[in-house]
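The chain contents come next:
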Amino acid sequence: MTKNHTFSATKRRHFMACLLALLTAIVMIPGMTTYLPFAIEEQILIPIMLFPLIWTTLFIYAYMAEKAWHPFALMLFILISHGGLSYLALTGGQS
């Protein structure tokens, strides 16, 4: 008789849902201001308004993904890309 688990890697999924989803959502906010094609007020307002939706989506995805590494890879990619976009925005695109 086999046990039927809802999902695997429980500790990793808890870590991703609680910590990594929050960190990713926080890093996305300044990153989004660099590529949104709106006026400066909307570039700041829209990411802030989307924060709860982004965090909730990442939180739920951490538990619902079929494989535990999928949400980790996605959130890591988002963290790196938006961190890079934020860095480019702060430095003005100069190396």
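Above: the structure in question.
These remarks concern the structure in this document. (Residues numbered from 1 in each chain as written. Predicted model: local features only at pLDDT ≥ 70, side-chain atom pairs only at ≥ 80, totals over all residues. Heavy atoms only, no water.)

1. A short note on the packing of helix H1 (residues 10-35) against helix H3 (residues 69-91)
Stage number 1. Direction vectors running N to C along H1 and H3 enclose 35 degrees, while the axes themselves pass 8 Å from each other. Read as a crossing pair, H1 and H3 show a hand that is left-handed. Packed against H1, whose contacting residues are Met16, Leu20, Ala21, Leu23, Thr24, Val27, Met28, Pro30, Gly31, Met32, Thr34 and Tyr35, the element H3 presents Pro71, Phe72, Met75, Ile78, Leu79, His82, Gly83, Leu85, Ser86 and Ala89 at the interface. (Axes fitted to C-alpha atoms, helices over the stretch in contact; angles between N-to-C directions. Helix = DSSP H or I, 4+ residues; strand = E, 2+ residues; numbered from the N terminus. Left-handed = near helix turned anticlockwise from the far one by under 90°. Contact = heavy atoms within 4.5 Å.)

2. Some points on the nonpolar core
Stage number 1. Counting residues in each nonpolar core, the largest one holds 15 residues, and the members touching the most others are Ile54 and Met75.
Stage number 2. Look past the residues within four positions of Met75 in its chain and what remains in contact with it is Met16, Leu20, Ala21, Thr24, Leu58 and Ala62. (Core = buried A, V, L, I, M, F, W, Y, C linked by side-chain atoms within 4.5 Å. Buried < 20%, exposed > 50% of the residue type's maximum accessible area, 1.4 Å probe, protein only.)

3. Observations regarding the side chain of Thr24
Stage number 1. As for its placement among the helices and strands, Thr24 is situated in helix H1.
Stage number 2. There is a polar contact of 2.7 Å between the side chain of Thr24 and the backbone oxygen of Leu20.
Stage number 3. Among residues more than four places away in sequence, those in contact with Thr24 are Leu58, Met75, Ile78 and Leu79. (Polar contact = N/O pair within 3.5 Å; in protein donor to acceptor, adjacent residues only side chain to side chain.)

4. Side note on the packing of aromatic side chains
Stage number 1. For the coordinates displayed, the defined rule picks out 2 aromatic pairs.
Stage number 2. Between Trp55 and Phe59 the ring centres are 5.3 Å apart and the planes differ by 35 degrees, which places this aromatic pair in the tilted class. Of this pair, Trp55 and Phe59 both sit in helix H2 (residues 40-64), separated by 4 residues, roughly a single helical turn.
Stage number 3. Look at Phe59 and Tyr63: their rings are 5.5 Å apart centre to centre, the planes differ by 65 degrees, and that puts the pair in the edge-to-face class. A residue pair is termed a helical-turn pair when its members lie 3 or 4 positions apart in one helix, as Phe59 and Tyr63 do in helix H2 at 4 residues.
Stage number 4. Residue Phe59 is classed as partly exposed on the basis of its relative accessible area of 26%. (Phe/Tyr/Trp six-rings, centres within 6.5 Å; stacked < 30°, edge-to-face > 60°.)

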